[in-house]
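# A closer look at the structure
The chain contents come next:
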Amino acid sequence: MKNPELKKLNENRILAEDVFNGKEKYAEVSGWVHNSRELGKIRFIILRDFSGVIQITAVKGKVTEEIFDLMNKLTRESVVSVKGKVVDSKQAPGGKEIIPDEIIILNSAEDLPIDIPFDPSGETKTELPKRLDYRFLDFHRRKIQTIFKIQTTIATAFREFFQNKNYIEMQPPCIIGSASEGGTDLFEVKYFDKKAYLAQSPQLYKQMIACSMEKTFMITPVWRAEKHNTTRHINEIRQMDIEVAFAGQFEVMKELEEVVKFIAKNVIEKNKKELEMLGVKLKIPKAVYLSYEEAIKKVNGKPGEDFTPEQERKLCEKYEGDIVFVHSWPSSLKPFYIMPQNENKNSDFSEGFDALYGGMEISSGGQRIHLPELLIERIKSKKLNPKNFKDYIDSFRYGAPPHAGWSLGLERLTQVICSLNNIKEATMFPRDKDRLNP
Ligand code: AMO
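Below: a short report on this structure. (Residues numbered from 1 in each chain as written. Predicted model: local features only at pLDDT ≥ 70, side-chain atom pairs only at ≥ 80, totals over all residues. Heavy atoms only, no water.)

Turning our attention to the packing of helix α6 (residues 142-164) against helix α8 (residues 249-270). As a packed pair, α6 and α8 sit with axes 9 Å apart at the nearest point and diverge in direction by 135°. Classified by the angle their axes make, α6 and α8 are oblique. For the element pair α6 and α8, the recorded crossing hand is right-handed. Mapping the contact onto sequence places Ile-150, Thr-153, Ile-154, Ala-157, Phe-158, Glu-160, Phe-161 and Phe-162 in α6 and Glu-255, Glu-258, Val-259, Phe-262, Ile-263, Asn-266, Val-267 and Lys-270 in α8. Considered class by class, the residues forming the contact of α6 with α8 number 10 nonpolar, 2 polar and 4 charged. (Axes fitted to C-alpha atoms, helices over the stretch in contact; angles between N-to-C directions. Helix = DSSP H or I, 4+ residues; strand = E, 2+ residues; numbered from the N terminus. Parallel < 35°, antiparallel > 145°, perpendicular 65-115°, else oblique. Left-handed = near helix turned anticlockwise from the far one by under 90°. Contact = heavy atoms within 4.5 Å. Nonpolar A, V, L, I, M, F, W, Y, C, P; charged D, E, K, R; others polar.)

Moving on, we come to the environment of Phe-250. By the secondary structure assignment, Phe-250 is in helix α8. On the basis of relative accessibility, which here comes to 40%, the residue Phe-250 falls in the partly exposed class. With 203 residues separating them along the chain, Phe-250 and Leu-47 place their C-alpha atoms 52 Å apart. (Buried < 20%, exposed > 50% of the residue type's maximum accessible area, 1.4 Å probe, protein only.)

Around the ligand, the surrounding shell holds 23 residues, and the nearest of these are Glu-181, Gln-203, Lys-206, Glu-361 and Ser-364. Between an oxygen atom of the ligand and a side-chain N or O atom of Arg-224, the distance comes to 2.8 Å. Alone, the ligand offers 620 Å² of accessible surface; in the complex the protein occludes 93% of this. Here the ligand occupies the largest pocket. Of all the secondary structure elements, the ones that give two or more residues to the shell around the ligand are α7 (203-213), β11 (236-245), β15 (360-367) and β16 (403-409). With 5 residues, β15 is the single largest residue contributor to the shell around the ligand. Looking at side-chain class alone, the shell around the ligand contains 6 nonpolar, 9 polar and 8 charged residues. (Near = heavy atom within 4 Å. Polar contact = N/O pair within 3.5 Å; in protein donor to acceptor, adjacent residues only side chain to side chain. Areas by Shrake-Rupley, 256 points an atom, 1.4 Å probe, with all protein chains shown as cover. 1 Å grid on protein atoms, 1.4 Å probe; cavity = no way out; pocket = protein on both sides within 12 Å on 5 of 7 lines; lining within 4 Å. Sits in = over half its atoms within 2 Å of the grid points.)

Going through the model one piece at a time under the given rule, you end up with 21 aromatic pairs. Centre to centre, the rings of Tyr-292 and Trp-329 are 5.2 Å apart; their planes meet at 45°, and the pair counts as tilted. Linking Tyr-292 in helix α10 (residues 292-298) with Trp-329 in the loop between β13 (323-327) and β14 (352-357), this pair joins segments that are 37 residues apart in sequence. For the pair Tyr-292 and Trp-329, one class covers both residues: buried. Among the aromatic residues, those joined into a cluster by ring pairs are Phe-158, Phe-161, Phe-162, Tyr-167, Phe-217, Phe-262 and Trp-406. Just above the ring of Phe-44 sits the side chain of Arg-37; from NZ or CZ to the centre is 4.5 Å. In this structure, Lys-149 is placed above the aromatic ring of Phe-50, and the distance from its NZ or CZ to the ring centre is 4.5 Å. (Phe/Tyr/Trp six-rings, centres within 6.5 Å; stacked < 30°, edge-to-face > 60°. Lys NZ or Arg CZ within 6 Å of the ring centre and 35° of its normal.)

The structure is reproduced here in structure tokens:
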């Protein structure tokens, strides 16, 4: 299709949804061939665009022979543009159909390598790894599109919540010179004649912003070089973070509680159809606050140890549909930058927390150490070298207020809200140990 025609198509085409909602008697629609069938002298195409589906109906003798012939030659998922009369029809899905005057094939699809079920909410016969090999085609499925419509609502609501509270939006660097979460699990990159790494988190940078501009939020990719193979780990993650000056763990947990409630409310209001298609009944969660010591007892865990995935699930089951905040963790289980309880360097406990929702950890955070000497001690006690953190430590020498923050994984939150078995379903192009393409 040449330039002027494409411009015309772009201007004239209307979405399937607007054909049903509008009063047009004549319409041009463009999209993918979702289904086609023949019933005696009538040929049908179900055309799908991002808004929905519309039936194109051709009766032999009432449309040109060329169009009638073309109607049963179109392969599944081919892209077409159709012009024609809009008529009411009791049999057509949505109560309207188009009688075609013109059909243009924009791209003819070859045999499909994966199963795209006709029923928009139906299950595919293709296993996840193969679907991910053909992710671009998997995105043709309405059910998959639904997940990312919801993810859009989640990210938009997150931004809106913190913009409304006058937080500054931050764009942290993705290439960094030293570890931000401890020594391991970094992807190395060659940076001119130096060694650099892909950021594991915006941690150190968001603290510097909070120590000057007080309140910051961001949505940023981070990379973890862990060789996990689970249903809740990926190697490239989108983190939704905040950092706040003059605040401790409880103040920022309250912000997390409020933003997750705001996100759930937005999804419930804006994605009613999508939640129905996924068969999810979402409620606005309540918040439960437990200390680490209380929480570990509730699941018969060993004090001083992390929760196993099974224990996280058990704890969430006790508060079905709610967020469980587990605060005041042992220092030994938290990163070097988390403040020991009450600024007491001898305390075994910290001002750090995790939040669990839908059976797993969705966020962690806490109050940070803003005192350089204490920070050096903590770095050493974690067997890390303070020299590697010199710039970071020095940033607290010229007026750094107490501050706290957290990070919420976008994919994990999407997985929980959409009730998906695997985090890769909640990631457009997941990166795992074996996958770099597409
Ligand atoms: P943490 O490492 O706990 O904390 O990460 C915060 C949140 O990010 C998500 N997440 C992941 N999601 C999927 N796959 C992974 N491999 C993965 N790793 C992390 C989770 C997790 O709860 N800097 C601190 C946060 C802070 O203190 O502000 C940090 O990154 O949802």
